[in-house]
Amino acid sequence: MKAHVPGGVGRPPRRRRPRPFGLRTRLVLAFLLVAAVGCGTTAALTYRAARTAILEQTQDTAVSAFRQQVETLNIQLPVDHDGLRNELQRIARQGKPRPWRVYAEYGTLRVSSTERPESSVLSPELRRRATAAGTTHGSFQRVVKDGTPYLTVAVPAVFGNFRGYPESRPTGLVVYAVMDLGVEEANIEAMLLAARDGALPALLVALVPALLAARGVLRPVRELRLAAHSMGRGRLDTRIHAKGSDELADLARTFNESAAELERSVTELRRAEARARRFASDVSHELRTPLAGMLAVTEVLDEDAGTLDPDTARAVRLISAETGKLAVLVEDLMEISRFDARAAELHTDEVDAAEMVRKTLQNRHWHQVVTECTDGIRARLDPRRFDVVVANLVGNALRHGAQPVTVRVYAEGADAPPGPDARQGKDARQGKDARQGKDARQGTDPRPGTDPRPGEGTRTGILVTEVADRGPGIPEDVLPHVFDRFYKADAARTRSAGSGLGLAITLENVRLHGGTVVAANRPDGGAVFTVRIPL
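Residues numbered from 1 in each chain as written. Predicted model: local features only at pLDDT ≥ 70, side-chain atom pairs only at ≥ 80, totals over all residues. Heavy atoms only, no water.

### Examining the overall build of the chain
Looking only at helices and strands, one finds eleven helices and 15 strands in the chain. Each of the 535 residues in the chain was classed as buried or not, and the buried ones make up 36%. Within the chain, contacts between residues at least 6 apart in sequence are counted, and of these 73% link residues at least 24 apart. For the chain, the computed accessible surface area is about 30,600 Å², with 55% contributed by carbon and sulfur atoms. (Helix = DSSP H or I, 4+ residues; strand = E, 2+ residues; numbered from the N terminus. Buried < 20%, exposed > 50% of the residue type's maximum accessible area, 1.4 Å probe, protein only. Contact = heavy atoms within 4.5 Å. Areas by Shrake-Rupley, 256 points an atom, 1.4 Å probe, with all protein chains shown as cover.)

### Some points on helix α8 (residues 383–400)
The end-to-end C-alpha distance of α8 is 26 Å, a good match for the 26 Å that 18 residues give at a rise of 1.5 Å each. Within the sequence span of α8, burial applies to R385, F386, D387, V389, V390, A391, L393, V394, G395, N396 and A397. Backbone nitrogen of R384 and a side-chain oxygen of the N-cap are separated by 3.2 Å at the start of α8; the cap is D382. (Expected span 1.5 Å × (residues − 1). Polar contact = N/O pair within 3.5 Å; in protein donor to acceptor, adjacent residues only side chain to side chain.)

### Notes on the pattern of salt bridges
Taken as a whole, this structure holds 21 salt bridges when the rule is applied. Note that E268 and R264 form a salt bridge whose closest N and O atoms lie 2.8 Å from each other. You can see E268 and its partner R264 sitting in helix α5 (residues 247–304), four residues apart, about one turn around the helix. Taking relative accessible area as the criterion, E268 reaches 42% and is therefore assigned partly exposed. By relative accessible area, which is 39% here, R264 ends up partly exposed. Of the charged contacts in the structure, one is a salt bridge between R364 and D387, with a shortest N-O distance of 2.8 Å. Here R364 is found in the loop between α7 (353–363) and β9 (370–373), whereas its partner D387 is found in helix α8, with 23 residues between them in sequence. Here the salt bridges do not stand alone but share partners, grouping E105, R110, E118 and R127 into one network. (Salt bridge = Lys/Arg side-chain N within 4 Å of Asp/Glu carboxyl O.)

### What to know about unusual backbone geometry
In this structure, the amide linkage connecting K96 to the following residue, P97, adopts the cis form with an omega of 0°. When you line up the elements, P97 lands in the loop between α2 (81–93) and β2 (101–106). The peptide bond linking Q403 to P404 adopts the cis configuration, its omega dihedral lying at 5°. The backbone phi angle of H365 is positive, close to 60°, even though this residue is not glycine. Mapping H365 onto the fold places it in the loop between α7 and β9.

### Some details on the packing of α8 against helix α11 (residues 502–512)
The geometry of α8 relative to α11 is characterised by a closest axis approach of 9 Å and an angle of 145° between their N-to-C directions. Our pair here, α8 against α11, has a crossing hand that is left-handed. Facing R385, V388, V389, N392, L393 and N396 of α8, the residues of α11 in contact are G502, L503, I505, T506, N509, V510 and L512. Across the contact of α8 with α11, the residue classes tally to seven nonpolar, five polar and one charged. (Axes fitted to C-alpha atoms, helices over the stretch in contact; angles between N-to-C directions. Left-handed = near helix turned anticlockwise from the far one by under 90°. Nonpolar A, V, L, I, M, F, W, Y, C, P; charged D, E, K, R; others polar.)

### Focus on the sheet that holds strand β4 (residues 139–145)
With antiparallel pairing, the five strands of this open sheet are ordered in space as β3-β2-β6-β5-β4. Two strands bound the open sheet, and with one partner strand each, they are β3 (109–112) and β4. Strand-to-strand, the axes of this sheet are offset by a mean angle of 20°, without reference to chain direction. Taken together, the eight bridges between strand β5 (residues 148–158) and strand β6 (residues 170–180) define a ladder with antiparallel strand orientation. Across the sheet, T152 pairs through a bridge with V178, a residue of β6. Running at roughly 35° to β3, α2 makes contact with β2, β3 and β6 of the sheet. (Pairing = 2+ DSSP bridges.)

### Topic: the packing of aromatic side chains
Counting across every chain of the model gives two aromatic pairs. Between F66 and W100, the aromatic rings sit 5.2 Å apart at their centres with planes inclined by 85°, giving edge-to-face as the arrangement. Of the two residues, F66 is situated in helix α1 (residues 23–71) and W100 in the loop between α2 and β2; the sequence distance between them amounts to 34 residues. As far as the burial class goes, F66 and W100 line up, both buried. Aromatic side chains F483 and F529 sit 6.2 Å apart centroid to centroid with 90° between the ring planes, which places their arrangement in the edge-to-face category. Here the residue F483 occupies a position in the loop between β13 (462–468) and α11, and F529 occupies one in strand β15 (residues 527–534), the gap between them amounting to 46 residues. The ring of Y176 carries R127 above its face, with NZ or CZ at 6.0 Å from the centroid. (Phe/Tyr/Trp six-rings, centres within 6.5 Å; stacked < 30°, edge-to-face > 60°. Lys NZ or Arg CZ within 6 Å of the ring centre and 35° of its normal.)

### Quick look at the confidence of the model for the chain
Across the chain, pLDDT averages 78, with 81% of residues at or above 70. The low-confidence segment residues 418–458 (pLDDT under 50) makes 83 contacts with residues lying over four places distant or belonging to another chain. (pLDDT = per-residue confidence, 0-100.)

### Some points on a negative patch on the surface
Together, E299, D302, E303 and D304 make up a negatively charged patch on the protein surface. With respect to the helices and strands, E303 occurs in helix α5. A relative accessible area of 65% means that E303 is categorised as exposed. (Patch = residues over 30% accessible without salt bridge, like charges linked within 9 Å, V, L, I, M, F, W, Y side chains within 5 Å. Lys, Arg positive; Asp, Glu negative; His and termini not counted. Charge placed at Lys NZ, Arg CZ, Asp CG, Glu CD.)

Encoded structure:
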């Protein structure tokens, strides 16, 4: 399964640093854990079975041989101490699989094959079973004394072994054998050490298939990640070559099907959007010529409206006003179409920013607007587009806000000229509009050109233009949408006072200058729009 990424589009994503506990590490650790549990379980079962087999073999051999030796015991009653001692020493020498220590008890008589007549290894439980009334069969028990394992065997002597007495009746003589199991225990410990020493190489060997298995699982996952990253960067024709019939191959096929469906949907949306933009552009161009004629006619009618009767004059003026609005809408649609087609051009010139703002207000007869401009700020601007930015923001404040409307112009940064108005502009921005993440809508440029334009030398300052009013401000739910095209804050309004594209065109013009525009509410009431453009 390989990811197919179309060539020649962008660069491949950079390799990510491996995570300490990533999927590969978890898979290898899980594989090794299973191997360790398997090795441990196998070793434990083998150890248990081998230990049981070794001890049972030694135990069966010793018990059988001891019983046979007791059956050949040649003792006359009453028991003779020296004769019984000699017999016990003979039995001890013939012990299997190794010599025993043999003890005998007859009433109060205690005799052994060693120097000590009694053994501390023999447990009271074994004596009780061996001397129980009517007991003719032997008993054995494994005990540990001072850390050393022992096998203890008790066999009662029966009358059947003596002349003149009936068989299978106990004589009262009980013979005990004690055998050290240290050799068997050492063999078992050696087997345990061998199993433990063999577990580490087994885990190291298991590491190789663990790495291979992790690689086999992670390769398709990595290809899926690369393919998803490629699609996230816009290459919707990315596909994965799926091989096999396992779950990962099914996942790859599902990814390809989803990618194909997504590509088809996005292609249709792009085509529909392109058709809509082309339709708006074509309609705007087609309406431009007849609108020019209609504007000329309405100007003539406006001049003669005073000579007409009142109803006719009202109708003429209404037609003239609506024709003017239609002309503005067509011009705005053509402008926004140029932005969508990436055909808008920036023709910059070094101008005095404060003088530009004053001319914009003077040309539109907005004498009621208050200006607080720092003189002497030279900036490279497109005069026409900067005029549109200021005019749209001031016109929006006059229509939807309340007077006084204030325009401030100052500079920020290392090269900013000093001026008292800069501090006033800074103070006006403090408060609610400082929380841009919550109640401000910032228009940023996703395209290249957001940084200061090349060829500006060491000029690092920022031209700041603020337009503020004293109205009710912008509702919190409207702030994120103020720069959307044709957005209406009041859904009940079927028609806006302007074209509905003024702020959208403002945003695009500011982006074209490599700047940003922010809409926010003043802490003391009213809305404020702040434009920042590199000097």
